[in-house]
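Secondary and tertiary structure notes
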Amino acid sequence: MERRKFIGGTALATVSSLIGLNIVFGNKLPGDYTILALQDKDPFKLFGKNKQMVVLNDKPWNIEAQAHLLDDDVTPNSAIFIRNNGNLPENIDAEKWTLTFDGESVNQTKTYTLRDLKTKFKQYTYQLTLECGGNGRSEFNPPAKGNQWTIGAVYCAKWTGIRLKDVLLDVGIKDSAVYIGYHAADTHLSGDVAKEPISRGVPIAKALQEETLLAFKMNGEEIPLVHGYPLRLVAGGYPASASGKWLNRISIRNKEHDGEKMTGSSYRVPRNPVAPGDKVKNEDMRIIESMPVKSLITYPKSGAVIKLNKKLEIRGHAWAGELKVNKVLYSIDFGSTWHVCMLKDAVNNFAWQHFSTSIKFQKEGYYEVWAKAIDGNGEGQPMLVPGWNPKGYLNNACHRIAVKVEA
Ligand SMILES: Nc1nc2c(c(=O)[nH]1)N[C@H]1C(S)=C(S)[C@@H](COP(=O)(O)O)O[C@H]1N2
Ligand SMILES: [Mo]
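In what follows, the accompanying structure is described.

1. Looking at the side chain of Thr298
Structurally, Thr298 is set in strand E16 (residues 294–299). Residue class for Thr298 comes out buried when judged on its relative accessible area of 2%. Polar contacts involving the side chain of Thr298 include one to the side chain of Asp71, which spans 2.7 Å. Once residues within four sequence positions are removed from consideration, Thr298 is found in contact with Ala67, His68, Leu70, Asp71, Arg315, Gly316 and His317.

2. Some words on the packing of aromatic side chains
Under the definition given, this model contains 10 aromatic pairs. Seen from their ring centres, Phe101 and Tyr112 are 5.8 Å apart, and the 90 degrees between their planes marks the pair as edge-to-face. Taken together, the residues span a long stretch of sequence, with Phe101 in strand E4 (residues 98–102) and Tyr112 in strand E5 (residues 110–113) at a distance of 11 residues. Both residues of the pair, Phe101 and Tyr112, count as buried. With a centroid separation of 6.0 Å and 70 degrees between ring planes, the pair formed by Tyr112 and Phe121 is classed as edge-to-face. On the basis of relative accessibility, which here comes to 11%, the residue Phe121 falls in the buried class. The residue whose ring lies beneath Arg163 is Tyr124, and the NZ or CZ to ring-centre distance is 3.6 Å. A cation over a ring is seen here: Lys206 above Phe350, with NZ or CZ 4.0 Å from the ring centre.

3. Let's talk about the layout of surface pockets
Reported here for the largest pocket is a volume of approximately 930 Å³. Leu18, Leu38, Leu88, Pro89 and Glu90 are, among the 36 residues lining the largest pocket, the residues nearest its centre. Of all the elements in the fold, those that place two or more residues in the lining of the largest pocket are helix H1 (9–19) and helix H3 (43–47). Top contributing element to the lining of the largest pocket by residue count: H1, with 4 residues. Tallied by class, residues from the lining of the largest pocket come to 20 nonpolar, 11 polar and 5 charged.

4. Overview of the sheet that holds strand E18 (residues 312–319)
The strand order across the open sheet built from 4 strands is E16-E18-E22-E21, with neighbouring strands paired in antiparallel fashion. Two strands in the sheet have a free side with no partner beyond their single neighbour: E16 and strand E21 (342–343). Sheet topology note: the E21/strand E22 (residues 353–359) ladder contains 2 bridges and is antiparallel. Within the sheet, the bridge partner assigned to Leu343 lies in E22 and is Phe355.

5. Focus on the environment of Cys398
The residue Cys398 is located in the loop between strand E23 (365–375) and strand E24 (399–406) in this model. The exposure class of Cys398 is buried, given its relative accessible area of 4%. Along the primary structure Cys398 and Asn27 are separated by 371 residues, whereas in three dimensions their C-alpha atoms are 54 Å apart. Sequence-distant contacts of Cys398, that is, excluding residues within four places in its chain, are made with Trp338, Ala371, Lys372, Gln381, Pro382 and Met383.

6. Here we look at the pairing of strand E7 (residues 154–163)
Each regular strand displays side chains that alternate between the two surfaces of the sheet. Most of E7 is tucked away: 9 of the 10 residues are buried. Of the pairings in the sheet, the one linking E7 to strand E10 (residues 213–218) comprises 5 bridges and is antiparallel in character. By the bridge assignment, Trp159 is partnered in E10 with Met218.

7. Considering the pattern of salt bridges
All chains considered together, the criterion is met by 16 salt bridges. A salt bridge links Glu210 to Arg163; the shortest N-O distance between them is 3.6 Å. Taken together, the residues span a long stretch of sequence, with Glu210 in the loop between helix H6 (204–207) and E10 and Arg163 in strand E7 at a distance of 47 residues. By relative accessible area, which is 37% here, Glu210 ends up partly exposed. With a shortest N-O distance of 3.1 Å, Glu406 and Lys307 are connected by a salt bridge. In this pair, Glu406 is assigned in strand E24 and Lys307 in strand E17 (residues 304–307), connecting sequence segments 99 residues apart.

8. Quick notes on the site of ligand 1
The full set close to ligand 1 counts 20 residues, and Phe81, Asn85, Asp186, His227 and Lys245 are the nearest of them. Within the contact set of ligand 1, an oxygen atom lies 2.9 Å away from a side-chain nitrogen or oxygen of Tyr155. One nitrogen or oxygen atom from the side chain of Lys245 is found 2.5 Å from an oxygen atom belonging to ligand 1. Applying the majority rule of atoms within 2 Å of the grid points places ligand 1 in the largest cavity.

Thresholds, definitions, all that
- Residues numbered from 1 in each chain as written.
- Chains lettered and ligands numbered in written order.
- Predicted model: local features only at pLDDT ≥ 70, side-chain atom pairs only at ≥ 80, totals over all residues.
- Heavy atoms only, no water.
- Helix = DSSP H or I, 4+ residues; strand = E, 2+ residues; numbered from the N terminus.
- Buried < 20%, exposed > 50% of the residue type's maximum accessible area, 1.4 Å probe, protein only.
- Polar contact = N/O pair within 3.5 Å; in protein donor to acceptor, adjacent residues only side chain to side chain.
- Contact = heavy atoms within 4.5 Å.
- Phe/Tyr/Trp six-rings, centres within 6.5 Å; stacked < 30°, edge-to-face > 60°.
- Lys NZ or Arg CZ within 6 Å of the ring centre and 35° of its normal.
- 1 Å grid on protein atoms, 1.4 Å probe; cavity = no way out; pocket = protein on both sides within 12 Å on 5 of 7 lines; lining within 4 Å.
- Points joined across faces, edges and corners; volume = space filled by probe spheres on them.
- Nonpolar A, V, L, I, M, F, W, Y, C, P; charged D, E, K, R; others polar.
- Pairing = 2+ DSSP bridges.
- Salt bridge = Lys/Arg side-chain N within 4 Å of Asp/Glu carboxyl O.
- Near = heavy atom within 4 Å.
- Sits in = over half its atoms within 2 Å of the grid points.

Printed below as a string of structure tokens:
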């Protein structure tokens, strides 16, 4: 007789959380059966995203926002881009979730349950900007392989969790510690369980910053599965790839972490400028740390139409990795002259800052509004695509919107 496998409690909970409903006869579900609600792969429904998000890849899921969806000070879940390097983990049981600390520079290997982490350490909430290192890749020429992000792989959500620093002090790390590397529960696309889809990290100084969190809430709720439920490393201001989702292990390293996507050309850029299309030797590449200064006009949507005698209100956000943004300027004459926008302070370190202004146009016709942010070191965004690099990282060119002024 054929034995039927029935889906276990934890797997069932995962499936239920994916569709956002209790599966009433869930205990009768055969183990190898995919329910219709999941066969119908509507990613917007599946992940609770706005229908105007743009799907760049479905294996694995990679979905980006459009500028106008990012208008809120704190990005709502519905507009948060998704970047997956592997398959989503299955059968997550938060009750049984653990986080292990190991590596050359740990005093002793130590494991905490998620419950320990939530109860033994003080909790903090910060807004932290996460931008994919490849945001803007689509503009590089010759083109770089990979997801063709335009401008929508950035967000600033409110993260709640405990300081990684507090846990590292509790674990005990050696003086030799220079880097941490994360490990996570997602699986390699090849199905090879020995391979990790991604295992990146940050220098120890970044790990010890007050805002570097082991987070279990995003925007006041449990982190959605696709964004790292039930535990995520969040290191604002660094490429978002350093913020490991589905976190289950952190290695304290005595050298720069050499996990998956830390070496070769992954998340690495040439130390010195290269000509477009050049081959760059590994030793001439460096890992991306703090992200460059950038801004985004989130209102109005490109293509806005305005009456000649009306002022156009514009607004958006600016961020500069670990630095503050000092100024945001706008131009309506293709960068010939620039004018200062109003700019707010960040609510905390590594949160984006909001800018706004109102613009009066002298004549009817076609205009572009360009925005340009300048960081605390006086460095500004380039008007057009900056330094070409083999994987198309760090495009922080000025964002532009088209405006029609009519009588
Ligand atoms: N475990 C794990 N963490 C991960 C990734 C991943 O594929 N697996 N992708 C990284 C990359 S490249 C980015 S840009 C961000 C995306 O975070 P988001 O999906 O919440 O927007 O997660 C990072 N953390
Ligand atoms: Mo990324």
